[in-house]
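Each chain is listed here by its residues.
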Amino acid sequence: MKQNRREFIKTCGVTSAGVLCGGASLFLNSCGTVNYLSYKENENTLVVSKSNFIKEKYGMLAHKKLPAPIYLAKLDDENYSAVLLECTHKRCEVSPVGDILICPCHGSEYSKTGEVLEAPAEEDLYRFIVTTDADNIYITVN
Ligand code: FES
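None of these values were measured; they are calculated from a predicted model.

(A) Highlighting the nonpolar core. Membership of the largest hydrophobic core comes to 31 residues, with the highest contact counts inside it found for Ile70, Tyr71, Leu72 and Ile139. Contributions of two or more residues to this core are made by strand S2 (45–49), strand S3 (58–61), strand S4 (70–74), strand S5 (80–84) and strand S11 (136–140). When neighbours within four sequence positions are excluded, leucine 72 is seen to be in contact with Leu37, Val48, Phe53, Lys57, Tyr58, Gly59, Leu61, Tyr80, Ser81, Ala82, Ile137 and Ile139.

(B) Quick look at the sheet that holds S4. Pairing in this open sheet of three strands is antiparallel, and the strands run S3-S4-S5 from one edge to the other. Either end of the sheet is taken by a strand with one partner, and the two such strands are S3 and S5. Recorded for the sheet is a direction-independent mean angle of 20° between the axes of neighbouring strands. Relative to S5, S4 runs antiparallel, the two being bridged by five bridges. By the bridge assignment, tyrosine 71 is partnered in S5 with valine 83.

What counts as what
As a convention, each chain's residues are numbered from 1 in the sequence order in which they are written. For a predicted model such as this one, the threshold for reporting local features is a pLDDT of at least 70, and the threshold for listing and counting side-chain atom pairs is 80 or more; totals across whole chains, interfaces and linings nevertheless cover every residue. Side-chain calculation: all heavy atoms of the structure are included, whereas hydrogens and water are not. Note on terminology: a nonpolar core comprises buried Ala, Val, Leu, Ile, Met, Phe, Trp, Tyr and Cys residues joined through side-chain atoms within 4.5 Å. Relative accessibility decides the category of a residue: with a 1.4 Å probe and only protein chains considered, values under 20% of the type maximum give buried, values over 50% give exposed, and everything between is partly exposed. Strands here mean DSSP runs of E at least two residues long; helices mean DSSP runs of H or I at least four residues long; both are numbered from the N terminus. By the convention used here, residues are in contact when the closest approach between their heavy atoms is within 4.5 Å. Strand pairing is defined by DSSP finding a minimum of two bridges between the two strands. Fitting a line to C-alpha atoms yields each axis, with helices limited to the stretch in contact; the angle taken between N-to-C directions then spans 0 to 180 degrees.

Spelled out as structure tokens, the structure:
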């Protein structure tokens, strides 16, 4: 049986809590759980240890001043991407599903770095400025 992405989302049972699998075992290898990361806050910067990304490629951060979680993705050892998981269509919370980000409200899809892959959203997700040093990842939240 072949499924398109929207049918796949229904099978996986997307939730806004970041726990994404509940569907048919046939698709479990493509679903996963993205963990919430701990961080330190220094003025308008969130500091995340790179040690979180030894085995994992993704993580989420919750911040009380933001309307949705931040999705932090490791691109390579020095480069990370951080996007706000708030859909640019009508502001629903977007969920990570495998390597992409999907809005459960109307099915918009984004890449892990926030680029629109599928409408109805027309604008990319909000991207935070991210810098790194040897030990940490710094996300600027204004
Ligand atoms: S609110 Fe996300 S697709 Fe409509």
